[in-house]
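# Examining the three-dimensional arrangement
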There are 2 protein chains.
Amino acid sequence: MTPTAAMQATSPASTLFPQTPSKGRVYNFSAGPACMPECVLEQIREELIDCRGGGIGLLELSHRGALYEALNNEAEAACRKAAGVGSDYAVFFMPGGATVQFGLLPLNFVGEGETATYIDTSIWSYKAYTEAARCRNVSVAFDGRAIKYARVPKKGEFAEPAGAKYLLYCQNNTVEGTTFWAPPETTLPLIGDATSDIFSRPWDFTKHAMVLAAGQKNLGASGASLIIARKDFIASATTKLPTILRFEDHANAGSRLNTPPTFAVRVMGLMAEWTLKVGGPTAIAKNNAYKANLIWDAVDNSGGFYSWPAEKWCRSHLNVCFKTPKADLDAKFVADAESHGLFGLLGHREAGGMRASIYNAFPVHGCELLAQFMGDFAKKNG
Amino acid sequence: MTPTAAMQATSPASTLFPQTPSKGRVYNFSAGPACMPECVLEQIREELIDCRGGGIGLLELSHRGALYEALNNEAEAACRKAAGVGSDYAVFFMPGGATVQFGLLPLNFVGEGETATYIDTSIWSYKAYTEAARCRNVSVAFDGRAIKYARVPKKGEFAEPAGAKYLLYCQNNTVEGTTFWAPPETTLPLIGDATSDIFSRPWDFTKHAMVLAAGQKNLGASGASLIIARKDFIASATTKLPTILRFEDHANAGSRLNTPPTFAVRVMGLMAEWTLKVGGPTAIAKNNAYKANLIWDAVDNSGGFYSWPAEKWCRSHLNVCFKTPKADLDAKFVADAESHGLFGLLGHREAGGMRASIYNAFPVHGCELLAQFMGDFAKKNG
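Model, not experiment: these values are computed from the prediction.

### A short note on the overall build of chain A
Counting its secondary structure elements, chain A contains 11 helices and 13 strands. Projected onto the principal axes, the alpha-carbon positions of chain A cover approximately 60 × 55 × 35 Å. Evaluated residue by residue, chain A yields a buried proportion of 64% over its 382 residues. Sequence separation of 24 or more characterises 67% of the internal contacts of chain A that already satisfy a separation of 6 or more. As presented, chain A carries roughly 13,100 Å² of accessible surface, and 51% of it is formed by carbon and sulfur atoms. Of the charged side chains in chain A, 37 are positive and 36 negative; the average position of the first set lies 2 Å away from that of the second.

### Examining the domain arrangement of chain A
Residues and elements named next belong to chain A. Once the domains are mapped, chain A shows domain 1 (5-37 + 280-381) and domain 2 (42-277). For domain 1 and domain 2, the distance between their C-alpha centroids amounts to 26 Å. At the junction of the two partners, domain 1 supplies 36 residues and domain 2 supplies 34 residues. Taking both partners together, domain 1 and domain 2 bury about 2,800 Å²; carbon and sulfur atoms supply 64% of that area. At the boundary of domain 1 with domain 2, the tally comes to 1 salt bridge. Taking the shortest distance from any N to any O, the salt bridge between E311 and R151 comes out at 3.8 Å.

### Overview of the nonpolar core
Taken as a class, soluble globular proteins show a tendency for nonpolar side chains to be buried jointly. Counting 120 residues, the largest nonpolar core has I44 and F199 of chain A together with I44 and F199 of chain B as its most contacted members. Apart from residues no more than four positions distant in its own chain, F199 of chain A is found in contact with C79, A82, A83, F205, L219, L226, A272, T275, P281, I284 and N360 of chain A. Grouped together as the second largest cluster of nonpolar side chains are 72 residues, A90 of chain A together with A132, I191 and L257 of chain B included.

### Concerning the relation of the copies chain A and chain B
Least-squares fitting of chain A to chain B yields an RMSD of 0.0 Å, with the superposition described by an axial translation of 0.0 Å and a rotation of 180 degrees. Here the symmetry operator amounts to a two-fold rotation axis. Taking C-alpha positions as the reference, the residue of chain A nearest the rotation axis is R45 of chain A, at 2.7 Å. Mapped onto chain B, 100% of the interface residues of chain A again fall at the interface, so both copies present the same surface.

### Quick look at helix α8 (residues 262-277) of chain A
Residue and element names in this part refer to chain A. For α8, with 16 residues, the first-to-last C-alpha span of 22 Å sits near the 22 Å given by 1.5 Å per residue. Counting buried residues along α8, 13 of its 16 residues qualify, which places the element largely inside the surrounding structure. Two residues or fewer past α8, G279 is found with a positive phi of approximately 125 degrees.

The rules behind the values
Residues numbered from 1 in each chain as written. Chains lettered and ligands numbered in written order. Predicted model: local features only at pLDDT ≥ 70, side-chain atom pairs only at ≥ 80, totals over all residues. Heavy atoms only, no water. Helix = DSSP H or I, 4+ residues; strand = E, 2+ residues; numbered from the N terminus. Buried < 20%, exposed > 50% of the residue type's maximum accessible area, 1.4 Å probe, protein only. Contact = heavy atoms within 4.5 Å. Areas by Shrake-Rupley, 256 points an atom, 1.4 Å probe, with all protein chains shown as cover. Lys, Arg positive; Asp, Glu negative; His and termini not counted. Charge placed at Lys NZ, Arg CZ, Asp CG, Glu CD. Domains from an automatic or database assignment. Buried area = accessible area lost by both parts, 1.4 Å probe. Salt bridge = Lys/Arg side-chain N within 4 Å of Asp/Glu carboxyl O. Core = buried A, V, L, I, M, F, W, Y, C linked by side-chain atoms within 4.5 Å. Least-squares fit on C-alpha atoms with pLDDT ≥ 70 in both. Expected span 1.5 Å × (residues − 1).

This is how it looks when you write it as structure tokens:
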């Protein structure tokens, strides 16, 4: 349940990763939508007017034409390669973010009188649970709210109701600054919400019946999702639903069951290709660990000026959260950081404090600057 | 049931409308995603790197930040103005295209043992019906399939089952080349699918309980929808659904119930603002009529070389469809047209022939060139 060697690496990052933003752009610590590699943004800019020399822009391409078909297939292939799954898994895109998928899961897989269960480690997994509870019978397998979301469950520390149609968990908790370092071991069909950690580290997708990820963090575009799912699992869904709300129908139609979110799919494809280009999840995990440790170290070495309730063994490498001793100092921190070119550090409204969201594309130098700024701010205000 | 004077106008279009594409770009007659105004594409290109001088690109903006809030509110305001609805209507955006909304309608509004009814004038309205029929009791109010979709119903020519929760129709039929020139008169809550004709002409939204429009034609970006709905109608939906699948919850959250499709919303906003800038639906209707008449006239003046089964009184001004006497001549037409810079003319696979989709932003000169080409082709091959 602790980071692997790769995830703990502290060696300086590869120069393939973004280092500093170009002129006029700031360091954007937003939790999502979040900063993207500038090379991907430039590629999108180029394609908007004329995609691949056909005289038609990316937004204007027929989703039934050969050119869009190629873009779609390239996006699926890059995501499949980054995930490392075989032909027993479908890799496809759907409209809507993770919350839409939270709504569709009970309708697809939980019949009247059946149940599903949720590991609750964050406001997002709780949202997945409450959305399902509006229409189906669901239960809480691990009650993280009772321990103020200070950690994820330890091995076996959750219920597995017999016959539950799935067990859902959130792989990385953006608001709480915690993460699972391995998928929970279970005999139930496991569903992982990977919205904030997809392709951020080596990850065993094959332990899952389904992994879903909305686009707006490591995949670039909000309003659409990547789904990686065992074919036999999605085939088990009820057919008494409109096809457009069934995961299996989207998979069988190759992500083109209807007019898909074509732009978002292309952006997700470009992000997945960038993921592979910089070295894939293994290289990215090292870079993310290096970045995160800079900031967590600044918390730990502040003599108690900065703190965060999350237990150290499950600290996230993607969302580093911290508070000063007083709420008004937190506000001053956020304002002063902006004057140093460090934006988007205000914590989630339900957790308070600060949050540095540093997904795969966040530039290394921004983390160095933030750690430096944290030290200076603590000296002046401590 | 015939076009109004404004819709029949044949005066040359305002110079505010696109006339010819810029260098390297072709005439794109795609049915959707479809061609967009180049001024909108250029604006998006600029915002992708740095949106409004904040140092953060459009795709990277937090949906909870002040800047995105402004973009969202501007988009809603422009759509509200173009629609001309008052405060009894909600104007908001949702993830997913029209097919997603087709799936959500029965789940929201039709309980077990209740019913809804559909005017079937096209493969799309039939799809709306079949999607609903998978989970709820629905009926066909007008059976256009029985007359091969040659026209829309005449006044009162459809059933209105007592107690039906809504009556759905498709305002413009992209595959069949037909259109309603006025909303059907009914006492049932009326739902219009305006995906292909939104803001293309003056339209009485207040005759509707809901009008929905996916983005990929007159609103620019696929994978998201504009919804204009009477507040009391969407409030009548069941609460036994995940909030993310309820229209009312999206409306009440100001299109930010979860992380929305931020890019698509911005694109829809820019398209709605462009709609207003060129003169709004009234000016656009005149321009569209001028463009469509050029091509329909080329059909009618071909001495029978070109034909289309749709009845003339309900011909679409947005999708002009035609066939030559033989399928192999159709294929030759499509290939020859491409060599003249006219792309995307292949008809829908279920209808055959050719289709010129000429939505609001399609350049006037492209219609003139197509009409000329049609005459030349008929002479050579007739």
